[in-house]
Amino acid sequence: MSKTVQGRSGAHSKASKRRKKQKNRLIIVVIEILVLLILAAVLFVTVKLSKIQKDTSFNKEDIEVNEGLSSESQEIMAGYTTIALFGLDNRSNGNLSKGNSDVIMIASINNDTHAVKLVSVYRDSYLDIGGGHFKKCNSAYAKGGPEQAITMLNKNLDMDITDYVTVDFNAVVECVDLLGGVTIPEVSDEEAVLMHGYMDEINKLTKNNSKYLSGGGTNVEMDGVQACAYARIRYTTGDDYKRTERQRTVLTAMVQKAQKANLTTINSLIDELFGDIKTSFSNTELISLAAKVFNYSLGETIGFPFEKNTTTLGNKGSVVVPCDLESNVKQLHVFLYDDNEYAPTDTVKNNSAQIVNDTGFHQGEGY
């Protein structure tokens, strides 16, 4: 082989090595950039989630569940993420540790389909709030915080809930405003008028200046104060039953709007809203839930108890009576978990019998 050919071969070899080194350096740079982006994203999410009030005093071991639930029902429930949702009306924004829970909801998320179902538990429902004390169920949160409120749901409804999210009503105002308002499918003239008193109070507390609706109608656009006032109306036909329906209507409208929001709006929501939230979830759990948020589909919503009546029990006031608890809980498990084989535990049966004894209302005597 000639020296010329050898020289060309050597030069080609050196050039090939240089290109290989440059390619390797490029790969390393790309990997470094990806790592930095991932770290930045993790840092961003962590900073945002740090705005949520983590309940460091919350102890899941204090939460009670009923014994005797069949292994089949336990397995079915394990296929869902079930969360207790509480809304507090403390008149002092941000105090989320105690107080009567103005809103009590149960959310079941199908872990496979990501379908979400919501149940509003009527706050005046006559249930065992703990230790055999039967009262309006919304007093459980005031008496023992989220642990007792969750235990109340578990013991009366054969649930196995261990996590919760609590919000101050001010969060609804902020969230709706940041979303640019929400659309409520139908508002009656009576509801539009009844919103006035609530709006006056909310405007004062939140330092807003929201205007009254001119009247009812269909596809009514509402700002935060208006939507919050609408959700709090109680004194119409249907009383608290209709009120919880309004709450679910507002929540549904908020979810639908949020799922269409851009990243700037989502960022603003996180900055403003998370300070009004308290939860048992860790950052890791919140990230896991948030990663699927755009896959969630909000389906049916309903109020509990399904079959009910009302009565006044002395100093316990006017209460909502499940007719009876046992049959209502059976319907609840079908609704939330599609569990047609569920059989109530002895605790639910005993609570049901006590409610019948205290109120005189039996199965079939509700509406």
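Reading guide: rules and limits
Residues numbered from 1 in each chain as written. Predicted model: local features only at pLDDT ≥ 70, side-chain atom pairs only at ≥ 80, totals over all residues. Heavy atoms only, no water. Helix = DSSP H or I, 4+ residues; strand = E, 2+ residues; numbered from the N terminus. Contact = heavy atoms within 4.5 Å. Phe/Tyr/Trp six-rings, centres within 6.5 Å; stacked < 30°, edge-to-face > 60°. Buried < 20%, exposed > 50% of the residue type's maximum accessible area, 1.4 Å probe, protein only. Lys NZ or Arg CZ within 6 Å of the ring centre and 35° of its normal. 1 Å grid on protein atoms, 1.4 Å probe; cavity = no way out; pocket = protein on both sides within 12 Å on 5 of 7 lines; lining within 4 Å. Points joined across faces, edges and corners; volume = space filled by probe spheres on them. Nonpolar A, V, L, I, M, F, W, Y, C, P; charged D, E, K, R; others polar. pLDDT = per-residue confidence, 0-100. Pairing = 2+ DSSP bridges.

S.K.: I'd like to hear about the environment of M159, residue by residue, with values.
M.R.: As for its placement among the helices and strands, M159 is situated in the loop between α3 (139–157) and β7 (164–168). Measuring from C-alpha to C-alpha, the distance between M159 and Q74 comes to 9.4 Å, with 85 residues separating the pair along the chain. With sequence-adjacent residues up to four places away left out, M159 is seen in contact with V65, M77, I106, L153, N154, L332, H333, L336 and Y337.

S.K.: If you had to explain the packing of aromatic side chains to someone new, which residues and values would you point to?
M.R.: If you walk through the whole model with that rule in mind, you get seven aromatic pairs. Summarising the aromatic geometry, the rings of Y126 and F134 are spaced 5.9 Å apart at their centres and angled 40° between planes, so their arrangement reads as tilted. For the residue pair Y126 and F134, the accessibility class agrees, reading buried in each case. Geometrically, the ring pair formed by F304 and F306 is edge-to-face, given 5.8 Å between the ring centres and 85° between the ring planes. Taken together, the aromatic side chains of F86, Y141 and Y164 make up a single cluster linked through ring pairs. Its end group placed over the ring of F335, K117 keeps NZ or CZ at 5.3 Å from the ring centre. The ring of Y241 is capped by K308, whose NZ or CZ atom sits 4.6 Å from the centre of that ring.

S.K.: I'd like a description of empty space enclosed by the protein, backed by residues and values.
M.R.: Tallied over the entire structure, the rule returns one cavity of 30 Å³ or more. Considered as a void within the structure, the largest cavity measures approximately 30 Å³ in volume. In terms of lining residues, the largest cavity is bounded by D102, V103, I104, S120, V121, Y122, R123, D240, R243, T244 and Q247. For the lining of the largest cavity, the elements supplying multiple residues, two or more each, are β3 (101–110), β4 (115–121) and α7 (239–258). Residue contributions to the lining of the largest cavity peak at four residues, all from α7. Here the residues of the lining of the largest cavity are counted per class, giving four nonpolar, three polar and four charged.

S.K.: An account of the confidence of the model for the protein chain is needed here, citing residue identities and associated values.
M.R.: Confidence along the protein chain averages 81 in pLDDT terms, with 77% of residues attaining 70 or more. Long-range and interchain partners of residues 36–47, a stretch whose pLDDT sits below 50, account for three contacts in this model, where long-range means more than four residues apart.

S.K.: Residues and numbers for the pairing of β4, please.
M.R.: Counting buried positions over the seven residues of β4 gives six, a clear majority of the element. For β3 and β4, the ladder comprises five bridges, and the chain directions are antiparallel. Directly across from M105, in β4, lies its bridge partner S120. Here β3 hands over to β4 after four residues, with H114 in that stretch at a positive phi of 65°. As paired strands, β4 and strand β11 (residues 297–304) are joined by six bridges and run parallel to one another. Bridged to A115 within β11 is S297.

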